[in-house]
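Here's the letter readout for the chains.
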Amino acid sequence: MAYEKKIPVDLDCPLRLTMSLIESKWKSCILDELRNGEPQRPCEIHKSLPEAAPRVLDIQLKEMVEDGLVEKTIYPELPPHSEYRITDLGLSLIPIIDQMLSWGTAHLDLFERKYGNRRDR
């Protein structure tokens, strides 16, 4: 059973519409991992984001396929396997992700004050 939002998306607000596609914790990270256009198997995505639960990544990948941000190819061989690839729609979000990365880098001191300097650990 898919998760249904309790509050409907506001179709009059472009910011909320955009956020509805990438608002979960790992979707931006998944797009960033797929940005080069090379297909990746689910296990590769899981390895690149080890702090994320595999089940959560699988759910978010499924939602991203439904939203058209990534495409899934299933290979009907034994054993069967699948791959994910970013779509043109997903690629159109990369400049936003790049801006988020730049902002995070420029304001690293804010995060170090909030969370402590974890790079030393």
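Residues numbered from 1 in each chain as written. Predicted model: local features only at pLDDT ≥ 70, side-chain atom pairs only at ≥ 80, totals over all residues. Heavy atoms only, no water.

Chemist: Hey, could you run me through unusual backbone geometry in this one?
Modeler: Note: most peptide bonds trans; most residues except glycine with negative phi. Put simply, leucine 78 and proline 79 share a cis peptide bond, and its omega is -10°. Note that proline 79 resides in the loop between β1 (70-75) and β2 (81-86). (Helix = DSSP H or I, 4+ residues; strand = E, 2+ residues; numbered from the N terminus.)

Chemist: Please explain the pattern of salt bridges as it appears in this structure.
Modeler: Note that side chains of opposite charge can pair when their charged atoms are close. Throughout the structure, instances matching the rule amount to six salt bridges. Across the pair arginine 35 and aspartate 32 runs a salt bridge, and its minimum N-O distance is 2.8 Å. When its relative accessible area of 29% is taken as the criterion, arginine 35 is described as partly exposed. According to the relative accessible area criterion, aspartate 32 is partly exposed, its value standing at 25%. A salt bridge links glutamate 66 to lysine 62; the nearest nitrogen and oxygen atoms lie 3.9 Å apart. (Salt bridge = Lys/Arg side-chain N within 4 Å of Asp/Glu carboxyl O. Buried < 20%, exposed > 50% of the residue type's maximum accessible area, 1.4 Å probe, protein only.)

Chemist: It is not clear to me how the packing of aromatic side chains should be interpreted in this structure. Could you clarify?
Modeler: Given two aromatic rings, one states the distance between the centres and the angle between the planes to describe the pair. Taken as a whole and judged by the stated rule, the model has one aromatic pair. Aromatic side chains tryptophan 103 and phenylalanine 111 sit 6.1 Å apart centroid to centroid with 75° between the ring planes, which places their arrangement in the edge-to-face category. Residue phenylalanine 111 is classed as partly exposed on the basis of its relative accessible area of 29%. (Phe/Tyr/Trp six-rings, centres within 6.5 Å; stacked < 30°, edge-to-face > 60°.)

The values are spatial; any link to function lies outside them.
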